[in-house]
Amino acid sequence: MSQCCRKIKDTVQKLASDHKDIHSSVSRVGKAIDRNFDSEICGVVSDAVWDSREKQQQTLQMAILEHLYQQGMLSVAEELCQESTLNVDLDFKQPFLELNRILEALHEQDLGPALEWAVSHRQRLLELNSSLEFKLHRLQFIRLLADGPEKQLEALSYARHFQPFAHVHQREIQVMMGSLVYLQLGLEKSPYCHLLDNSHWAEICETFTRDACSLLGLSVESPLSVSFASGCVALPVLMNIKAVMEQRQCSGVWSHKDELPIEIELGMKCWYHSVFACPILRQQTSDSNPPIKLICGHVISRDALNKLINGGKLKCPYCPMEQNPADGKRIIF
């Protein structure tokens, strides 16, 4: 009996010790949540920075709608239109509907709709230096090769589609024609086995999406997902800035809609256009303060140009050339 009591006592002491360690860790969770999560994220910026609440809601709904259309969730997008009473024109939907129809066919390894689209937009694709049509014809040729020797004549006949692309894709065409030598033996056992790799289908889907979006004036990535990812990076920095502003009582520092109080590095993935910062004022140019090219070739902002005018003349801050301020030309990146 005494041994059992001693054993029970030791077990209870061990459980109490383990519970103490666990309780110590669990008790810190609440403090960690309070320290790392702000209950009022909307307070990061003042309401004056944004548009009216109705305008915000409409903008958000349109962003969600565009995201759903771009991801191919057409039925969900239609349901959102009905429940939110958004009036969406067919012209807005049509590019997404066409894009998703062709992508669905490509996922099923049906090249017909994509080839038809590429041929009908050939001239505009050439202006973009796109190789989409050639890659589609190449993939169709490879499909014929994969069917074996009985498709050899059909493959040779289809190779005529490569003629318009010979001056640009000569090397790739030579490789495909060389693979015909091994057709009787089987391409999977030849030096050309890489032509049968399934990664070509993923590549053609990516190429079509990129070129078609560029042609139709759409973004390759959903604006909603890009904004969300950027916000996840920027929000912690803005929350720290908010705390500093409140401590130093300088809440009026950030009042503009088109700029942040500090620069936030989002990475190369989020670079979509050129940015010019004035070397004189060290401010990023905007539509109201565009970059101006001087006669000497140096570029400064319009605000800097206005501040450097003296007696109706402008002296370049980088070289001694004196010039008329009116001779400066606006640059559009």
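Counting of residues starts from 1 at the beginning of each chain's written sequence and follows it residue by residue. This being a predicted model, a pLDDT of at least 70 is required before a residue's local features are given, and a value of 80 or more before pairs of side-chain atoms are given or counted; all residues contribute to the totals for chains, interfaces and linings. As a rule here, side-chain values cover all heavy atoms of the structure and leave hydrogens and water aside.

## Notes on the overall build of the protein chain
Next, step 1: Summing up its helical and strand segments, the protein chain has 12 helices and 6 strands in all.
Next, step 2: Only C-alpha atoms enter the radius of gyration; for comparison, a globular chain is expected to reach 2.2 Å times N to the power 0.38, where N is the number of residues. What you see for the protein chain is a C-alpha radius of gyration of 31 Å, clearly larger than the 20 Å of a compact globule of 333 residues, by over 25%.
Next, step 3: Counting only C-alpha atoms, the protein chain reaches 105 × 80 × 50 Å along its principal axes.
Next, step 4: Relative accessibility decides the category of a residue: with a 1.4 Å probe and only protein chains considered, values under 20% of the type maximum give buried, values over 50% give exposed, and everything between is partly exposed. Within the span of the protein chain, comprising 333 residues, buried residues form 31% of the whole. Put simply, DSSP H or I for four residues or longer makes a helix, DSSP E for two residues or longer makes a strand, and each gets a number counted from the N terminus.

## Here we look at the nonpolar core
Next, step 1: By size, the foremost hydrophobic cluster in this structure holds 46 residues, and its most contacted members are Leu106, Trp117, Leu136, Phe141, Ile204 and Phe208.
Next, step 2: Within the residue set of this core, elements represented by two or more residues are helix H2 (53–70), helix H3 (74–84), helix H4 (90–107), helix H5 (112–120), helix H7 (132–146), helix H8 (152–158), helix H9 (170–178) and helix H10 (199–216).
Next, step 3: Looking at this core, the element that brings in the most residues is H7, giving 8 residues.
Next, step 4: Residue contacts for leucine 136: discarding those within four places in its chain leaves Leu106, Leu111, Ala114, Leu115, Ala118 and Ile204.
Next, step 5: Nonpolar cores are built from buried Ala, Val, Leu, Ile, Met, Phe, Trp, Tyr and Cys residues. Side-chain atoms within 4.5 Å join them into one set. Formed by 9 residues, the second largest nonpolar core is a distinct cluster that contains Ile292, Leu294, Ile300 and Leu314. Any two residues having at least one pair of non-hydrogen atoms within 4.5 Å are treated as being in contact.

## Observations regarding the UniProt feature "domain: RING-Gid-type" (unreviewed entry) in the protein chain
Next, step 1: UniProt positions are given in the numbering used here, feature names are shortened, and annotations may be inferred rather than shown by experiment. Residues given the UniProt feature "domain: RING-Gid-type" (unreviewed entry) here are residues 278–319.
Next, step 2: As annotated, residues 278–319 has a helix share of 17% and a strand share of 26%, and its two end C-alpha atoms lie 16 Å apart.

## Examining the pattern of salt bridges
A side chain of one charge can pair with a side chain of the opposite charge when the charged atoms of the two come close.
Next, step 1: A pairing counts as a salt bridge when a side-chain nitrogen of Lys or Arg comes within 4 Å of a carboxyl oxygen of Asp or Glu. A complete count under the given rule lists 8 salt bridges for this structure.
Next, step 2: Its salt-bridge partner being glutamate 133, residue arginine 122 comes within 2.6 Å of it at the nearest N-O pair. Remark: glutamate 133 occurs in helix H7 and arginine 122 occurs in helix H6 (residues 122–127); sequence separation between them is 11 residues.
Next, step 3: The exposure class assigned to glutamate 133 is buried, which follows from its relative accessible area of 5%.
Next, step 4: Close ionic contact of lysine 151 with glutamate 154 constitutes a salt bridge, the shortest N to O distance being 3.3 Å.
Next, step 5: By relative accessible area, which is 41% here, glutamate 154 ends up partly exposed.

## Some remarks on H7
Next, step 1: Its 15 residues give H7 an end-to-end C-alpha distance of 21 Å, which sits within 8% of 21 Å, the value for a rise of 1.5 Å per residue.
Next, step 2: Judged by how many residues are buried, H7 sits mostly within the fold: 12 of 15 residues are covered.
Next, step 3: Along H7, the residues classified as buried are Leu132, Glu133, Phe134, Lys135, Leu136, His137, Arg138, Leu139, Phe141, Ile142, Leu144 and Leu145.
Next, step 4: Elements that come into contact with the buried residues of H7 comprise H4, H5, H6, H8, H9 and H10.
Next, step 5: With its phi angle positive at about 100 degrees, glycine 148 sits one or two positions after the end of H7. One less than the number of residues in a helix, times 1.5 Å, gives the span that helix is expected to have.

## So, the side chain of serine 301
Next, step 1: With respect to the helices and strands, serine 301 occurs in strand S2 (residues 299–301).
Next, step 2: Note on serine 301: relative accessible area 1%, which makes it buried.
Next, step 3: Not counting the four nearest positions on each side in its chain, serine 301 is found in contact with Cys278, Leu281, Thr285, Asn289, Pro290, Pro291 and Ile292.

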